[in-house]
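# Working through the structure, step by step
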Amino acid sequence: MQYNVLILGASYGSLLGTKLLMAGHRVSLVCTAPTARLINREGTRVRFPLRGRASPVEIDSRELSGTLSAITPAEADPQGYDLIVLGMQEVQYGSPGVRELMRRIARSRKPCFAIMNMPPLAYLRRLPGIAADALKACYTDPAVWEGFDPALITLASPDPQAFRPPEAQKNVLQVGLPTNFKAARFESGETTAILRQLEADIESARLHRDGEAIEIPVKLKVHESIFVPLAKWPMLIAGNYRCIRRHDMIPIREAVHGDLAESRRIYDWVVGLCTGLGADAGDLVPFEKYAKAAESLGKPSSAARALFGGAQHIERVDSLVRRIARQRGLDCDALHEIVGLVDERLEMNRAQREQPAFGFEPVPGMA
């Protein structure tokens, strides 16, 4: 069966979109009007590293069996799709046009699959023992998530790492760490069946080039446990947010391996929080495996780059994890320090935006 999939976000969303196109499905990417024109004219390019090859394999969407289109938020009608993928950063959902689209999506009652670091509020309502309403302060615009049925929303741990090469156009994405999207089931078996079919289709898809059938990494893995997406939380706290220092930022690799014992301590603390919520050890990633993967992450995290680019809002998984921990009577000095550094930098960015420009414009955020 060929599915119609609407993906909000043409950057990270184009990674999953390419895998769906390889499997023969129809994909619509929601993005700005200039990016939509570029994609509709030239398609997307996603570069995947492959073992045994010196250079990445670049996949042009126009060569694939699926059908790709790009549209603006105003043009998107959720009723015409079987599945909606939320592939933007959390801070973007309250922006003009996207906010209105989110309302239409909630009303459509179509199943939504988030590939975000920051879990949608509606998804947190599926996790026992969490007071979701008390977490609204962690969100840039919590009202965006009103009206979403928790039964119709699920989440994947967005483990694959990707970035836009600075010299490339906005239809190009480079995959840095080609791991898998690990998705939790929906509440209903019927809606979960959509994900399982996509999982099977992506697994069997191959890139045919020069007479060779090439298996491309980054798969979709669907799990019964609703706690599987929490596997990203220890990684974010021990690595991504620790790229942020008071006066500068460092690569994820250095954040993790600069003091491996401290990284392990923080990682294990967050793992303990997740298992306390109900996750099994098998739902999560062992520290050794994460530390090995971090060796290849030679850039600062997107959160760090956004902060030092002047962003006034970023995804606050750090704050979310701390608030959930405090609901359970837990605290961590290292996490408290992380949250404080992020708060401090955000306050600085907002103060700079409020000052007269004196002939220059503040650097825009990269969120």
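Predicted model only: the values in this text are computed from it and were never measured. (Residues numbered from 1 in each chain as written. Predicted model: local features only at pLDDT ≥ 70, side-chain atom pairs only at ≥ 80, totals over all residues. Heavy atoms only, no water.)

## Structural notes on the confidence of the model for the protein chain
Chain-level pLDDT for the protein chain is 94 on average; 96% of the residues reach the 70-or-more range. Note on residues 356–367: pLDDT is under 50 here. Beyond four places in sequence and across chains, it has 19 contacts. (pLDDT = per-residue confidence, 0-100. Contact = heavy atoms within 4.5 Å.)

## Quick notes on the sheet that holds strand S10 (residues 172–177)
Read across the sheet, four strands follow the order S4-S3-S10-S9 without closing on themselves; strand pairing throughout is mixed. Both outer strands of the open sheet, strand S4 (57–60) and strand S9 (161–163), are each paired with one neighbouring strand and no more. Across the sheet, the mean angle from the axis of one strand to that of its neighbour is 25°, orientation sign disregarded. (Pairing = 2+ DSSP bridges. Helix = DSSP H or I, 4+ residues; strand = E, 2+ residues; numbered from the N terminus. Axes fitted to C-alpha atoms, helices over the stretch in contact; angles between N-to-C directions.)

## Description of the packing of helix H8 (residues 260–277) against helix H11 (residues 317–327)
Contact pair H8 / H11: the axes reach a minimum separation of 11 Å and the direction vectors enclose 55°. Compared by their axis directions, H8 and H11 come out oblique. Regarding H8 and H11, the two cross each other, and that crossing is left-handed. When H8 is examined against H11, the residues Trp269, Val270, Leu273 and Leu277 are found in contact with a partner set consisting of Val321, Ile324 and Ala325. In terms of residue class, the contact of H8 with H11 is built from seven nonpolar, no polar and no charged. (Parallel < 35°, antiparallel > 145°, perpendicular 65-115°, else oblique. Left-handed = near helix turned anticlockwise from the far one by under 90°. Nonpolar A, V, L, I, M, F, W, Y, C, P; charged D, E, K, R; others polar.)

## Concerning the pattern of salt bridges
Charged atoms that come close allow side chains of opposite charge to pair. Throughout the structure, instances matching the rule amount to 26 salt bridges. Taking the shortest distance from any N to any O, the salt bridge between Arg316 and Asp343 comes out at 2.9 Å. One end of the pair, Arg316, is in the loop between helix H10 (302–308) and H11; the other, Asp343, is in helix H12 (residues 333–354), and 27 residues separate them in sequence. By sharing partners, the salt bridges in this structure join Arg45, Arg47, Glu58, Asp60 and Arg62 into a single network. (Salt bridge = Lys/Arg side-chain N within 4 Å of Asp/Glu carboxyl O.)

## A look at the sheet that holds strand S8 (residues 153–158)
Hydrogen bonds between backbone atoms are what pair the strands of a sheet, whose relative direction is either parallel or antiparallel. The eight strands lie next to each other as S5-S2-S1-S6-S7-S8-S11-S14, forming an open sheet whose pairing is mixed. At either end of the open sheet lies a strand with only one pairing partner, and these are strand S5 (67–71) and strand S14 (220–223). Taken pair by pair, the neighbouring strands of this sheet meet at an average axis angle of 25°, ignoring direction. Sheet contacts for helix H1 (residues 13–22): strand S1 (4–8), strand S2 (26–30), S5, strand S6 (83–86), strand S7 (112–114) and strand S11 (181–184); angle to S2, the most-contacted strand, approximately 165°.

## Describing the packing of H8 against helix H9 (residues 287–294)
Orientation of H8 relative to H9, taken along the N-to-C sense of each, is 125°, at an axis distance of 11 Å. Between H8 and H9, the interaxial angle falls into the category oblique. The hand of the H8/H9 crossing is right-handed. Contacts between H8 and H9 pair Leu260, Ser263, Arg264, Tyr267 and Asp268 from the former with Phe287, Glu288, Tyr290 and Ala291 from the latter.

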